[in-house]
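# Observations on the three-dimensional arrangement
In case you want the letters, here they are:
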Amino acid sequence: MRLQRETRNTRDGYAAALLELGEKDERIVVLDADLAKSTQTEKFKQRFPERFVDCGVAEQNLMATAAGLAATGKIVFASTFAVFATGRAYDQVRNNIAYSNLDVKICASHGGITVGEDGSSHQALEDITLMRAVPRMKVVVPADYYETREAVKAVAYIPGPAYVRMGRPKVPVLFDEGYRFEFGKARVMRGGRDVTVIACGYMLHQALDAAEELAREGIEAEVLNLHTVKPLDREGILESVSRTGRVVSCEEHSVLGGVGGAVAELLVEELPTPMRMIGIRDSFGTSGTAEELVEHFGLDAHHIAEVVRGFLA
Amino acid sequence: MIIPMRRPEGAAAREMEEKELREYLENIAKEVRWDIVRMIGLAGSGHPGGSLSCADILVCLYFHKMNHDPGRPDWRHRDRFVLSKGHAAPALYAVLARSGYFDREELWKLRRLGSMLQGHPDRLKTPGVEISTGSLGQGLAAAVGMALGLRMEGNPAHVYALIGDGESQEGGIWEAAMLAGHQRLRNLTAILDHNGLQIDGRCCEVLDLGDIASRWRAFGWEVLEVNGHDVLEICCALDKADEFDRPGMIIAHTVKGKGVSFMENNVDFHGKAPTPEEMEKALKEIEGS
């Protein structure tokens with residue numbers, strides 16, 4: 001059914017949210033590190049030049065400066081690629097932003113393997129793990145243009161630090177203009193009784209396609225959109241899993257400590273459940289087109305369906 | 001080198017005023033040093049050397065230069081101070097307590113479980129702490145962010161940051177220096193506590209800072225050099241920095257462990273507390289000074 005879907009950048013949703021926020025609230029300030037054209041903060045810069053600071057190619061300074069700005073009462077959006085925002089500037093994010101509990105919203109683009117041709121140095125595969133581990137940090141991985149736009153508007157007014165992970169490629173539009181983002185609440189995208197497939201971000205449309213494929217074979221997969229990875233929707237996940245008795249997590253990210261890790265941590269304590277994790281298995285990325293890489297690392301819908309089949313067999 | 005203070009009255013009046021100011025600030029500095037030694041001694045751990053070296057600078061800021069109100073730590077127009085060399089927290093805690101941000105009795109709970117005074121500054125626990133620091137090289141960048149934020153809203157408050165010389169080996173200091181210079185942040189003044197020592201030994205031997213004044217000038221800052229234990233020199237330099245059209249760097253030449261003879265220029269006391277006997281000896285020496 002989803003053959004010809006409209007595709008849009010999640011980053012454009014970010015830019016739209018920033019313009020909307022900036023218009024209404026003078027406290028909104030945006031910082032970038034020489035990637036304004038890529039992260040799409042350029043649009044805010046053109047509209048509100050006095051509330052935009054380009055920190056240059058200095059991501060650590062970007063985060064520490066953002067903390068200082070937030071300490072004067074601003075709501076600061078700090079953007080760069082996910083790999084730099086979370087890896088290179090980890091100490092600044094941890095100590096300056098989170099330890100000080102400041103209103104810095106780290107909105108990173110180019111998360112995951114779909115960065116493509118630039119290769120491993122630019123493909124963040126550990127960013128969710130890193131940010132999850134930081135106390136006070138909220139982690140949101142929106143799946144399409146509208147979800148990104150609404151998630152960004154929501155985290156702006158959730159006190160303290162947040163990490164919003166966006167991707168590079170255009171992705172299918174799954175929601176619409178009237179979408180209501182519920183922070184911290186996993187969204188049931190389709191019901192099913194045989195298995196719970198948990199996905200977010202880029203993986204959500206792949207999981208939905210996999211569920212479609214499985215449905216044709218009589219397998220009913222429930223698909224949960226775990227847009228908020230932290231805080232985890234414990235009730236939502238437990239409710240679904242208690243009905244299906246099987247879980248498959250899907251992430252465009254390392255399986256070590258990411259989305260699957262978060263789900264597993266919950267289940268192992270509350271409701272031990274057979275589980276499969278789909279994601280990058282302790283390896284670096286590599287160059288290639290986004291599509292090639294998604295297939296190469298087994299993140300595509302067919303592979304997800306394959307894993308579910310094997311799991312239920 | 002004493003930079004003459006600017007006062008409208010005649011030379012004699014000025015001399016009188018300077019004498020009073022000097023006595024006032026030196027007395028507080030003495031009490032602050034006493035507090036620093038006692039709180040670290042009672043805690044049994046901490047960083048006395050770098051706390052004592054910057055004590056006079058902090059006293060000049062909190063008791064002369066800065067506009068601040070201990071009754072309203074969140075007053076929008078307050079001047080901000082960032083202790084980028086966060087391990088000198090005892091010096092900051094001592095001046096905050098004496099200013100009235102919290103009860104002085106809290107000092108004796110330094111580093112204990114449940115204390116509002118953490119090993120390194122925590123803005124959520126300690127009134128008057130603007131931002132949490134401790135990981136070196138980051139406080140200056142936060143101060144740059146504060147200066148940007150205040151300038152954006154037309155807030156006349158000034159931002160002060162104290163950095164260390166060992167800390168100046170961190171790349172983050174220079175990223176922040178570059179951004180502040182580029183942005184011509186005239187509402188930012190940094191002070192370098194240039195005591196010449198770091199954990200592993202003399203800075204010039206560990207990793208030489210070279211011609212540090214030229215380095216800051218090259219990054220677009222106006223630079224002054226003072227004796228970091230002469231309160232009038234420090235105050236004059238802080239006043240002078242108000243008139244710069246760009247960020248100001250005051251290189252304060254200091255002595256690590258200043259005020260306690262056996263700690264002075266003794267690298268062992270970078271991060272080691274005095275024993276109870278050493279503490280008593282140090283307190284007596286400060287009292288008698």
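Below is a short write-up of the structure. Here the structure is a predicted model, which means the values were calculated and not measured.

### As for the interface of chain B and chain A
- Taken together, the contact pairs 26 residues of chain B with 27 residues of chain A.
- Linking chain B with chain A are 1 salt bridge.
- Where B:Glu153 meets A:Lys74, a salt bridge forms, and the shortest distance between an N and an O atom there is 2.4 Å.
- Summed over the shared surface of chain B and chain A, the number is 11 residue pairs in polar contact (both at pLDDT 80 or more).
- Elements represented by at least two residues in the side of chain B that touches chain A include exactly helix H5 (139-152) and helix H6 (171-182) of chain B.
- Per-element accounting of the side of chain B that touches chain A gives the leading share, 9 residues, to H5(B).

### A few points about unusual backbone geometry
- Residue A:Pro231 is bonded to the preceding A:Lys230 through a cis peptide linkage, with omega at 0 degrees.
- Backbone geometry at A:Gln40 places phi at a positive 75 degrees, although glycine is not the residue there.
- Tracing the chain through its elements places A:Gln40 in the loop between helix H2 (36-39) and helix H3 (42-47).
- The class of A:Gln40 is buried, set by a relative accessible area of 14%.
- Although it is not a glycine, B:Arg111 sits at a positive phi angle of roughly 70 degrees.
- What makes B:Arg111 partly exposed here is its relative accessible area of 32%.

### Observations regarding the pairing of strand E5 (residues 104-108) of chain A
All names here are of chain A.
- Across the 5 residues that make up E5, a large majority, 5, are buried.
- Burial along E5 is two-sided: the face carrying Val104, Ile106 and Ala108 and the face carrying Lys105 and Cys107 are both buried.
- Taken together, the 3 bridges between strand E4 (residues 75-79) and E5 define a ladder with parallel strand orientation. Paired with valine 76 across the two strands is valine 104, which belongs to E5.
- The pairing of E5 with strand E7 (residues 162-165) spans 4 bridges and is classified as parallel. Residue pairing across strands places cysteine 107 opposite valine 164, the latter belonging to E7.

Conventions used here
Residues numbered from 1 in each chain as written. Chains lettered and ligands numbered in written order. Predicted model: local features only at pLDDT ≥ 70, side-chain atom pairs only at ≥ 80, totals over all residues. Heavy atoms only, no water. Contact = heavy atoms within 4.5 Å. Salt bridge = Lys/Arg side-chain N within 4 Å of Asp/Glu carboxyl O. Polar contact = N/O pair within 3.5 Å; in protein donor to acceptor, adjacent residues only side chain to side chain. Helix = DSSP H or I, 4+ residues; strand = E, 2+ residues; numbered from the N terminus. Buried < 20%, exposed > 50% of the residue type's maximum accessible area, 1.4 Å probe, protein only. Pairing = 2+ DSSP bridges.

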